[in-house]
Structures are given as structure tokens and as C-alpha cells.
Amino acid sequence: MKIKVCGLKYADNIEAVSALGPDYMGFVCYGPSPRYAGELDAGTMNHVPRSIIKTAVFVNEDKETISALIEKYGFDAIQLHGNEDAEFCAYFKGQVKVIKAFGINEAFDFKVLDDFSDAVDLFLFDTKTNIHGGSGNSFDWNLLDKYQLDIPFFLSGGLSLENLEEVKKISHPQFYGVDLNSKFETAPGMKDIGKLGKAFEIIKQEPMNYGVNEQGYYGDFGGAYIPEMLYPNVEELRREYLSILDDEGFKTEFNELLKDYVGRPSPLYHAKRYSERYGANIFFKREDLNHTGSHKINNAIGQILLAKRLGKKRIIAETGAGQHGVATATVCALMGIECVVYMGEIDMARQAPNVSRMKMLGAKVMPAKSGSKTLKDATNEALRDWIANPVDTHYIIGSVVGPYPYPDMVARFQSIISLETKKQLKEHTGSELPDYVMACVGGGSNAMGMFYHFLDDENVKLVAVEAAGKGVDSGHSAATTFLGREGVLHGSRTILMQTDDGQVVEPYSISAGLDYPGIGPQHAYLYKIHRAEYASATDDEALQAGLLCCQLEGIIPAIETAHALAHLEKMKFKPTDNVVICISGRGDKDLDTYIKYFGF
Amino acid sequence: MNRLNELFAAKKDNLLSIYFTAGYPELGTTLDIAEALEKAGVDFLEIGFPYSDPVADGPVIQHSSEVALQNGMTLNLLFEQLADLRKRVSIPIMLMGYFNPVVQYGVERFCKKAAEVGVDGIIVPDLPIYEYETLYAGIFKNYNLSNIFMVTPQTSEERIRKIDALSNSFIYLLSSSSITGTALQLSVNIEDYYKRIKAMNLVNPAIIGFGITDQKSFNKACEYASGAIVGTKFVKLLAERDYLEKIPGFIKNIRA
Ligand SMILES: Cc1ncc(COP(=O)(O)O)c(C=O)c1O
């Protein structure tokens with residue numbers, strides 16, 4: 001958030017404010033104002049550090065006077081508070097930064113701004129008054145929702161130490177900075193350095209950062225613990241992924257495929273019978289309705305487009321339940337790229353229909369025969385393949401695990417889940433923020449996608465549900481946060497289930513997709529700092545919950561998803577609570593397991 | 001100076017190192033194998049401590065790790081076995097394994113224990129340069145242990161220079177980007193790669209590993225580097241009956 005301190009006039013005061021390091025300083029060049037700067041001291045103006053944008057404030061001044069003052073004091077920006085029209089603003093644009101101020105109240109028609117969209121660099125929204133300039137009062141910031149242009153704006157009017165915390169919560173995408181003025185003075189034009197210092201502190205205090213840092217860490221978790229043989233592959237990704245994800249062409253292609261091929265946005269469904277049963281407003285985010293039947297396709301689409309841009313000719317993947325394998329085989333068919341999927345021998349037997357599906361889609365399915373013959377071993381085999389094929393092959397990891405940048409990259413591709421949820425929830429409830437967000441966790445990709453855009457909203461409680469298998473203490477479980485300790489697994493520092501000697505322990509869950517001994521490093525971090533709560537559900541609880549969902553809502557969920565649903569039984573809600581639960585996948589692949597369990 | 005530094009100061013070429021997994025094929029023969037290898041004329045040794053998920057290893061060494069774990073090998077036990085190391089073996093010894101067991105043991109405690117029993121170097125393929133440099137280099141130095149880094153044909157010159165600067169014994173040169181047990185590559189590209197490394201005039205000698213199986217590949221490797229490491233082929237020998245007796249013949253076959 002940028003800081004502009006406005007209404008300066010006294011030399012010593014200008015120097016003291018400069019020392020605080022604001023982004024902008026404003027000088028009022030309008031005679032009737034009590035903060036009229038008048039003749040400024042040229043020496044003082046020259047001493048203002050170049051990094052601070054010196055801004056001259058005018059009200060209906062003529063062009064010649066403005067130009068002369070820009071020349072005289074070396075102003076970098078002008079701020080226009082009168083009835084200047086777009087043509088007038090455009091005259092100065094390019095020469096200096098142009099800020100056009102508007103007074104906002106209920107009656108303000110934001111359409112009048114359209115004309116200015118090519119003529120100004122920034123808007124400044126102030127409280128509407130009869131006089132020109134500040135009133136010392138703030139306006140109803142909810143009105144900002146009506147502003148839809150893509151020109152950033154300063155917020156002005158009555159900002160004080162008392163309301164800065166509120167200001168920090170404004171989430172408008174174009175909110176650029178604050179204009180501090182009359183509430184930070186000892187007299188008009190004389191700034192209170194102590195108060196300003198406090199304001200700078202409040203503003204610069206970053207919200208808790210839950211994202212990845214430049215070295216690929218979330219707190220102590222993450223990194224890229226990989227043998228040198230994998231370094232070039234991972235380094236290429238690390239170097240390229242952000243710029244590729246940011247590229248307009250990439251975004252367009254990604255969003256079009258999500259819409260036309262995957263069928264997004266996936267609905268946010270108000271589950272009425274669930275709401276009745278659990279005494280809260282329960283919403284289902286329907287990732288089960290995606291093409292291929294789960295959230296895994298979001299990431300697979302993102303990564304195949306990335307692989308294409310990196311010039312890769314061959315794709316490898318690991319899969320547990322087969323959902324990620326199917327999603328990968330699908331996008332490879334779509335793009336006409338060779339695909340090899342590694343799958344534990346045991347998983348191949350328990351998810352046989354998905355093996356056939358992958359083969360129909362043209363993928364080669366390679367059994368992982370080492371170790372426990374499940375997901376972790378499939379991941380090992382995929383990594384070994386990647387070591388041997390460093391140049392032409394991209395490894396599409398299926399969850400928010402693996403060496404940096406995978407956890408961050410996969411989270412970004414899955415973040416579409418929470419992005420859509422916010423918008424949809426607002427339509428349902430009037431607020432984009434729910435009270436609870438819930439999801440199951442294997443490696444943690446559907447949960448991360450569901451949490452992503454809520455991470456910074458501390459009032460939204462995040463609940464992740466792991467697979468307890470036959471019970472957390474049974475010796476047959478995959479409840480990583482309950483049973484695991486910190487260590488290194490598949491290239492990242494995270495929490496994993498292991499022996500005292502650091503050997504990875506075989507997890508167990510009836511659901512192949514949750515049968516993994518670790519969790520993604522970002523989850524390990526959210527767990528450790530208590531930003532999210534990690535719970536667990538047993539096989540039995542999950543299967544019962546899956547059946548309940550069939551019978552109450554007519555939706556057969558994947559057994560993975562059923563773990564998240566099962567945890568609803570243990571939650572205590574208020575009747576007004578809004579709860580979003582990620583229905584990560586559909587249960588077609590699990591019919592055999594359901595049928596055997598219930599004997600239908 | 002540790003034994004590795006002394007070795008490289010005294011002998012510049014045709015160095016032979018052997019890798020084997022501790023606890024394989026039997027739990028209690030770690031020092032017997034080491035002793036037999038020294039007697040057979042091997043210059044230095046890599047003793048592997050097993051891990052459940054060895055991603056840089058091919059099927060043979062994977063299998064040896066699995067068996068060693070089933071036999072009950074742990075880092076605690078290995079250090080117990082190595083208590084008599086310097087009574088029986090005088091050539092330089094490196095411990096090789098994956099990072100997670102070391103993290104659980106405690107990196108400092110691991111280094112302290114290794115130094116106590118007379119280990120000279122550590123090879124942990126999945127401990128990256130950044131983490132080594134920022135978190136652990138000081139500990140390794142305190143205990144006079146050399147950390148050994150790997151270089152592949154894909155490693156950039158800049159990175160090789162950095163590795164050279166961080167190393168103080170030798171650089172582990174891989175003949176190709178591959179897991180253990182893959183045959184030595186001898187294409188034109190690979191010769192170029194060896195020549196490229198040679199032309200860089202690195203401070204540390206290079207030793208070629210992965211894919212050395214016989215006299216021919218050993219000699220070839222020695223043309224380009226100071227020596228070579230035999231792993232998979234030796235682990236295969238350990239699967240045979242009377243493997244201890246066969247060690248002298250095996251070594252003789254490699255360096256006649
Ligand atoms: C339907 C479904 N949900 C959840 C998962 C677990 O993966 P993650 O924790 O990465 O979302 C899987 C994995 O296969 C799955 O298929």
C-alpha cells in the first residue's frame with residue numbers, strides 16, 4: 001500500500017516527513033486552502049529524495065501556471081481537484097503523473113470516470129464536500145465496490161490512526177494507497193511526525209504471509225531437497241513458472257480450457273438437507289462435476305500448457321487413486337503428447353477401472369513394484385524416470401508436494417477453486433467470506449486450492465481432514481499431522497510419517513488418494529502456525545458419510561471427499577455460519593469399495 | 001586435513017573407490033567388507049546407510065537398502081559397528097545416504113559421531129547446495145568432514161565453479177544424468193563433457209561414479225578423471241555366496 005502525505009508547507013516539516021520515506025508528498029498550490037504552500041523553499045524541495053514523488057495539488061488552475069510550477073519545483077505529479085475535464089488531464093499525462101480527484105458520496109455516478117480512463121494515471125477518491133479539498137471526514141468505503149475501471153486509486157478523506165486497520169482490509173484490486181492529511185497535524189500544514197510514524201508502522205506491517213518465499217520456503221518447510229541429477233529440471237521450472245503463469249496468452253488459454261473443456265466454473269451448491277442436519281448453511285463446491293471427475297484436472301491443464309511452453313515432448317506422472325493419472329492422460333491426449341503414468345502395483349489392483357481409463361486415453365501405465373507399491377513408490381519411480389530424462393520430459397506432479405516450485409505452482413493452478421467460491425458465495429449470501437472452509441487432505445491440493453484466497457482473511461476458519469484409516473492409533477493410518485514429524489520427503493521439508501530412524505512409514509487408508517505418508521509443505525506450515533486446523537476421519541466414518549451424502553443430497557462423493565464430509569459430524573456450528581466444503585471428486589471410481597462395504 | 005585430503009595429495013590418478021550398503025547382505029559384516037576391500041587394494045570407501053525411498057538409486061541398490069532395513073540396520077547401529085573402524089581400516093571412509101535419516105538423527109550429532117569413529121567425508125545426494133551452505137557448512141567444517149557434491153552433464157559451468165569452491169576433497173562426476181546402475185555412457189557428447197570439466201582446471205580432483213563395472217570402464221574413466229567409484233556391480237557381488245572371499249578377485253578384475 002502506497003502512502004501519500006499531503007498538505008505540506010514548512011521547510012523543517014517537509015524534511016522531517018521526507019525522512020519517514022512516504023511514496024508521495026503533496027503540496028497544495030491553491031490559494032484559498034489553509035494548507036496553501038505559497039512560495040516553497042527551492043533548497044528544501046531539492047533535498048526531497050528522488051524516490052518520493054512530489055505532487056502539486058491544484059483546483060481549476062490554468063495550464064500555463066501549472067506548467068510553470070512543475071518547471072520551478074520539479075514536481076513529478078499533479079493532482080487536480082476542480083472541474084478539470086479529461087482533455088485537460090490528458091494534456092499533462094506523460095509529462096508528469098496525473099492524479100484526478102473526485103468527491104464520493106451515495107449519489108456519485110462512477111460512470112463519469114470512464115472518460116478519464118486514458119487521461120490519468122491515478123484517481124483519488126475523497127469525501128464529497130461543498131468546498132474543494134478535504135473535509136476531515138471519511139465516506140462509506142463500501143461504495144468503492146462500484147468502481148470497476150482498472151486505474152488504481154488513492155483513498156483520501158478522514159484517514160486517521162483510528163481507522164487505518166479498517167483501511168487495510170479494503171480488498172479492492174485497484175486500491176493503490178492512502179492519502180494522509182488533516183488527522184496527522186498539529187496545525188493546518190504542520191504534520192505531526194509522531195502520529196505519522198505510527199501510521200507508517202501500521203500500514204507497513206504486512207499481514208501474516210502464508211505464501212512461499214524466494215528460496216521456496218514456507219517458514220521452515222519446503223525447499224528443494226533433490227539430488228543434483230534433478231537440479232537442472234527443477235531449476236528450469238523455478239526460473240520459468242511465474243513468468244509463464246503471468247503471461248496473458250497462457251492465462252487466456254488456461255481459462256478457456258477450464259471453461260470449455262473442464263466445464264468451469266464448478267457450481268457452488270447450497271446443500272439444504274445438509275444445512276438442516278448440521279444446523280448451518282452448508283455449501284458444496286462441486287469439483288466432482290469437472291471433466292474427469294475431480295479437481296485434479298485443474299492442475300493437469302495448467303501443467304500441460306506450461307510443459308508445452310517449455311518445449312517438452314514427453315509427460316510423466318505419478319498417481320494413487322488414478323484420478324491424477326486419468327487427468328494427466330486426458331490432457332496429454334488433448335495435446336497429443338506422449339504420457340507415462342507410474343502407479344503402485346497395489347493401487348493398480350484396487351483402482352483397476354482408472355488403469356483401463358488411462359490406457360484408453362493412450363497413456364502407458366507403469367507399475368511401481370518397489371517398497372510399499374503405493375503412491376509414494378510411484379512418486380519415487382517418476383522421479384527416477386525424470387532423472388534419466390532431464391531434457392525432453394516434464395513431470396506433472398499431482399499435488400502440492402515435491403520440490404519447490406511444485407507446491408506453489410500446483411496451489412496456484414488449484415486456487416481457481418477458492419477464487420470462484422468467493423464470487424459465488426457473495427451471490428448466495430452477500431458476503432464473499434464464509435465462516436468455515438473444509439477439505440480433505442492427501443498431499444493437499446484440493447485443500448490448498450480451497451484455502452488459497454481465504455488465507456489472509458483470518459476470520460475464515462480453515463479445516464483440513466486427513467485419513468485416519470482404521471484409527472489414528474491403530475498402526476493403519478494416514479493421519480500425517482497426528483503421526484508424523486518434521487523431515488524431508490520427495491524433495492521438500494515437511495511433516496511425514498516415519499520411524500525414529502527416519503525411514504518413511506507405510507500409511508494406510510481405504511482411499512488411495514489419501515494414502516500418502518506426507519503433506520505438502522504449505523500445509524505443514526499452516527498446521528504448525530495454527531492457521532488451519534487438521535482433523536481426521538476413519539475409513540468407517542468416511543464410508544458412512546459418503547452414503548449419507550448419496551441419500552441426503554443425491555451426490556456420490558469420492559471416498560477421499562467423504563473424509564471431509566465425515567468431519568461435519570464433529571463440528572459445532574452456529575445457525576448463521578456459512579460453511580463451504582470442497583467436493584473434490586465423484587465416487588464412480590469407488591463404487592466397488594462402497595458396494596463391498598455396504599453390501600448393496 | 002583428513003584422510004581424503006592426504007590421499008589426494010599423495011596419489012593423483014587411478015584411484016578406486018567402492019560403494020556398499022551397510023547391513024547388506026548381512027547385518028554384521030560392515031567392517032569385514034571394508035577390511036577386505038582395503039586389503040584388496042581399494043583406495044577409499046563409501047559406506048551407504050540405507051533409506052526407504054532412495055530416489056537416486058536403481059533396482060540393485062534399492063534392493064540392498066530394503067534388505068539392510070529388514071535386517072535391522074539403523075544409523076545408531078551403524079555407528080556402533082563403526083566404533084572399531086580405525087582399528088581395522090586405515091583408508092579414507094565416506095558415509096553415503098539420504099538426508100531424512102540424518103535430519104532425524106540430528107545433523108550436528110551425525111557429524112560429531114561420524115568424526116568420532118573416524119569417517120572423513122559425507123555424501124548426501126539430496127542435501128542441496130543452498131541448504132548446505134546456509135545451514136550446515138559450519139558444522140561439517142567443525143568436525144573436519146568433507147561434504148561431497150555431484151556434477152552431471154547438465155550442470156552449468158557457474159554451478160560447477162560454485163561446487164568446486166564449496167568442496168575440499170573431490171567432486172563426484174556422474175557419467176550421465178542417471179540413477180545408480182546405469183551403464184557408463186561413452187558417446188561423443190560425454191567425452192566432450194569430460195574434456196570440458198578437465199579444461200576447467202578445478203581445484204578439487206574429479207572422481208567418476210555411476211556405471212563403472214569392469215576394467216574397461218574403469219580405465220576409460222581414469223583417462224578423464226583421477227579415479228572412479230564402483231557401486232552397483234559390487235553390490236551385486238555381495239548377493240553371491242562367499243562374497244568376502246571373492247572380493248580380492250573382483251578388485252583385481254577392475255584394476256589389473
Ligand atoms: C477426489 C480426490 N480428492 C482428494 C484427493 C487427494 O489429493 P489432494 O490432497 O492433493 O487434493 C484425491 C487424490 O487422488 C482425489 O482423487
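The structure displayed is predicted, hence computed values, not measured ones. Sequence order as written defines the numbering, with residues in each chain counted from 1. Labels follow written order: the first chain is A, the first ligand is 1, and so on. Residues qualify for local features only when their pLDDT is at least 70, as the model is predicted, and side-chain atom pairs are given and counted only at 80 or more; totals for whole chains, interfaces and linings, by contrast, use all residues. The basis for every side-chain value is the complete set of heavy atoms in the structure, and neither hydrogens nor water enter the calculation.

Chemist: Explain the overall build of chain A to me, please; I cannot follow it from the model alone.
Modeler: Along chain A, the regular secondary structure elements total 22 helices and 24 strands. Principal-axis analysis of the C-alpha atoms places the extent of chain A at approximately 85 × 55 × 45 Å. Relative accessibility under 20% of the residue-type maximum defines a buried residue, over 50% an exposed one, and the middle range a partly exposed one, all with a 1.4 Å probe and only protein chains included. By residue count, 60% of the 600 residues in chain A fall in the buried class. With the model as given, the accessible surface of chain A reaches about 23,400 Å², and the carbon-plus-sulfur share is 49%. Charge assignment in this entry is limited to Lys and Arg as positive and Asp and Glu as negative, and neither His nor the chain termini are counted. Where a charge lies is defined by one atom per residue type, namely NZ (Lys), CZ (Arg), CG (Asp) and CD (Glu). With 61 positive and 80 negative side-chain charges, chain A shows a spacing of 3 Å between the two charge centroids. Only DSSP runs of H or I with at least four residues qualify as helices, and only runs of E with at least two residues qualify as strands; both kinds are numbered from the N terminus onward. What sets the accessible areas is the Shrake-Rupley method with a 1.4 Å probe; for residues, cover comes only from the shown protein chains.

Chemist: What am I meant to see in empty space enclosed by the protein here?
Modeler: If a probe the size of a water molecule is rolled over the atoms, the empty space left behind becomes visible. All names here are of chain A. The rule is simple: put a 1 Å grid over the protein atoms alone, call a set of points where a 1.4 Å probe fits but cannot get out a cavity, call an open set with protein on both sides within 12 Å along at least five of seven lines a pocket, and count a residue as lining if it has an atom within 4 Å of a point. Grid points are joined across faces, edges and corners, and a volume is the space filled by probe spheres set on the points. Scanning all chains against the criterion turns up 5 cavities of 30 Å³ or more. Empty space within the largest cavity amounts to approximately 380 Å³. K296, G398, S399, G443 and G513 are the residues nearest the centre of the largest cavity, which is lined by 33 residues in total. Mapped onto the lining of the largest cavity, the elements with two or more residues apiece are β15 (314-319), α11 (323-335), α14 (375-388) and α17 (445-451).

Chemist: What's the story with helix α3 (residues 63-73) of chain A in this structure? I'm lost.
Modeler: Counting along an α-helix, one turn takes 3.6 residues, and residues three or four places apart therefore face a common direction. Residues and elements named next belong to chain A. Among the residues of α3, those classed as buried are I66, L69, I70 and Y73. Down the axis of α3, the buried side of the element spans an arc of 105 degrees, and every buried residue falls inside it. Exposed residues pointing more than 90 degrees away from the buried face of α3 are listed as E64 and E71. By definition, residues are in contact when any of their heavy atoms lie within 4.5 Å. The elements touched by buried residues of α3 are α2 (42-47), β3 (53-58), β4 (77-80) and α4 (86-92). As used in this structure description, the phrase polar contact means that two N or O atoms lie within 3.5 Å; if the pair is within protein, one of them must be able to donate a hydrogen and the other to accept it, and residues adjacent in sequence are counted only when both atoms belong to side chains. Its side-chain oxygen at 3.2 Å from the backbone nitrogen of E64, D62 defines the N-terminal cap of α3. What the arc describes is the spread of directions from the helix axis to the C-beta atoms.

Chemist: Sorry if this is basic, but what is going on with the pattern of salt bridges here?
Modeler: A side chain of one charge can pair with a side chain of the opposite charge when the charged atoms of the two come close. Residue and element names in this part refer to chain A. Only one rule defines a salt bridge in this text: a Lys or Arg side-chain nitrogen within 4 Å of an Asp or Glu carboxyl oxygen. Counted according to the given criterion, the structure contains 53 salt bridges over all chains. R309 is paired through a salt bridge with E253; the nearest N and O atoms lie 3.1 Å apart. One end of the pair, R309, is in helix α10 (residues 296-309); the other, E253, is in helix α8 (residues 248-262), and 56 residues separate them in sequence. A relative accessible area of 34% means that R309 is categorised as partly exposed. With a closest N to O distance of 3.3 Å, K259 and D260 form a salt bridge.

Chemist: Explain the environment of F108 of chain A to me, please; I cannot follow it from the model alone.
Modeler: Residue and element names in this part refer to chain A. Inspection of the secondary structure puts F108 in the loop between β5 (97-104) and β6 (122-127). Residue F108 is classed as buried on the basis of its relative accessible area, which comes to 14%. Taking C-alpha positions, F108 is 9.9 Å from K146, a pair spaced 38 residues apart along the chain. Leave out the neighbours within four places in its chain, and F108 touches F102, G103 and L113.

Chemist: What's the story with the domain arrangement of chain A in this structure? I'm lost.
Modeler: Quite often, the size of an interface is put as the accessible area lost when its parts meet. All names here are of chain A. What marks off one domain from the next here is an automatic or database domain assignment. Domain annotation for chain A reports domain 1 (2-204), domain 2 (217-258 + 292-409) and domain 3 (268-290 + 415-598). Taken together, the 38 residues of domain 2 in the interface contact 41 residues of domain 3. Put simply, buried area is the surface a 1.4 Å probe can reach on two separate parts but cannot reach once they are joined, added for both. Summing the contributions of domain 2 and of domain 3, the shared interface buries around 3,100 Å²; its carbon and sulfur component is 61%. Joining domain 2 to domain 3, the criterion identifies 2 salt bridges. Linking D515 and R350 is a salt bridge whose minimum nitrogen-to-oxygen distance equals 2.7 Å. The interface formed by domain 2 and domain 3 holds 17 residue pairs in polar contact (both at pLDDT 80 or more) in total. When residues of the side of domain 2 that touches domain 3 are traced back to their parent elements, those giving at least two are β12 (221-222), α10, α12 (345-350) and α14.

Chemist: What should I look at first to understand the site of the ligand in this one?
Modeler: Residues and elements named next belong to chain A. Around the ligand sit 19 residues in total, of which S399, G442, G444, S445 and S584 are the nearest. One of the side-chain N or O atoms of S445 is found 2.7 Å from an oxygen atom in the ligand. Residue S584 places a side-chain N or O atom 2.7 Å away from a nitrogen atom belonging to the ligand. For the ligand, whose accessible area on its own is 390 Å², the fraction buried by protein is 97%. Mapping the ligand onto the cavity grids shows that it belongs to the largest cavity. Gly falls in the polar group here, along with every residue not listed as nonpolar (Ala, Val, Leu, Ile, Met, Phe, Trp, Tyr, Cys, Pro) or charged (Asp, Glu, Lys, Arg). A breakdown of the residues in the shell around the ligand according to their chemical character gives 5 nonpolar, 12 polar and 2 charged. Each of domain 2 (217-258 + 292-409) and domain 3 (268-290 + 415-598) contributes no fewer than three residues to the shell around the ligand. For each residue, the test is whether any non-hydrogen atom lies within 4 Å of the molecule or strand; if one does, the residue is near. To qualify as sitting in a cavity or pocket, a molecule needs more than half of its atoms within 2 Å of the grid points.

Chemist: Help me understand the packing of helix α2 (residues 30-39) of chain B against helix α13 (residues 243-254) of chain B in this model?
Modeler: When two helices pack together, their arrangement is given by the angle between the helix axes and the distance between those axes. All names here are of chain B. Only C-alpha atoms enter the line fits that serve as axes; for helices the fit covers just the stretch in contact. Angles between N-to-C directions range over 0 to 180 degrees. Relative to each other, α2 and α13 sit at 30 degrees, their axes nearing to 9 Å. Between α2 and α13, the angle falls in the class roughly parallel. Here the hand of the crossing between α2 and α13 comes out right-handed. For the pair α2 and α13, contact is made by D32, I33, A36 and L37 and by Y243, L244, I247 and I251, respectively. For classification purposes, angles smaller than 35 degrees are called roughly parallel, those larger than 145 roughly antiparallel, those between 65 and 115 roughly perpendicular, and all remaining angles oblique. Take the far helix as your reference; a near helix turned counterclockwise from it by less than a right angle gives a left-handed crossing, and one turned clockwise gives a right-handed crossing.

Chemist: Any chance you could explain the interface of chain B and chain A here in plain terms?
Modeler: Tallying the contact residues gives 37 residues for chain B and 36 residues for chain A. Both sides together, the interface formed by chain B and chain A hides about 2,800 Å², and carbon and sulfur atoms give 53% of it. When residues of chain B are sorted by the area they lose upon contact with chain A, D53, V55 and Q104 of chain B head the list and together hold 20% of the total. At the boundary of chain B with chain A, the tally comes to 2 salt bridges. The residue R159 of chain B makes a salt bridge to E228 of chain A at a minimum N-O spacing of 2.9 Å. Summed over the shared surface of chain B and chain A, the result is 18 residue pairs in polar contact (both at pLDDT 80 or more). Per element, the largest residue contribution to the side of chain B that touches chain A is 5 residues, and it comes from helix α6 (residues 99-105) of chain B. When its residues are assigned to classes, the side of chain B that touches chain A shows 21 nonpolar, 10 polar and 6 charged.

Chemist: I tried to follow the layout of surface pockets on my own but got confused; where do I start?
Modeler: Residues and elements named next belong to chain A. Within this model, the largest pocket holds a volume of roughly 2,200 Å³. If you go around the largest pocket, you meet 45 residues; those closest to its centre are K168, K169, I170, S171 and D457. For the lining of the largest pocket, the secondary-structure elements that each account for two or more residues are α5 (164-168), α6 (193-204), α15 (406-414) and α16 (416-429). It is α16 that contributes the most residues to the lining of the largest pocket, 4 residues altogether. Partitioning the lining of the largest pocket into residue classes produces 17 nonpolar, 12 polar and 16 charged. Residue contributions to the lining of the largest pocket reach at least three from each of two domains, namely domain 1 (2-204) and domain 3 (268-290 + 415-598). Size it by volume and the second largest pocket reaches roughly 540 Å³.

Chemist: Looking at this structure, I do not really get the sheet that holds strand β18 (residues 393-396) of chain A. What am I missing?
Modeler: Where strands meet in a sheet, backbone hydrogen bonds hold them as pairs that are either parallel or antiparallel. Residue and element names in this part refer to chain A. Spatially, the 4 strands line up as an open sheet ordered β17-β16-β15-β18, and their pairing is parallel. For this open sheet the edge positions go to β17 (364-368) and β18, each flanked by a neighbour on one side alone. Put simply, the sheet's adjacent strands are angled 25 degrees from each other on average, direction ignored. When DSSP finds at least two bridges between two strands, those strands are taken to pair. When β15 meets β18, the two strands line up parallel, connected through 4 bridges. What sits directly across from I315, in β18, is H394. Of the strands in this sheet, β15, β16 (338-344) and β18 touch α11, which is tilted by about 165 degrees from β15.

Chemist: Is there a simple way to think about a negative patch on the surface in this case?
Modeler: Residues and elements named next belong to chain A. Taken together, D85, D109, D114 and D115 make up a surface patch of like negative charges. Note on placement: D85 falls in the loop between β4 and α4. We classify D85 as partly exposed; its relative accessible area is 42%. A patch consists of residues whose relative accessible area exceeds 30% and which take part in no salt bridge; residues with like charges are grouped when within 9 Å of each other, and nonpolar side chains (Val, Leu, Ile, Met, Phe, Trp, Tyr) when within 5 Å.

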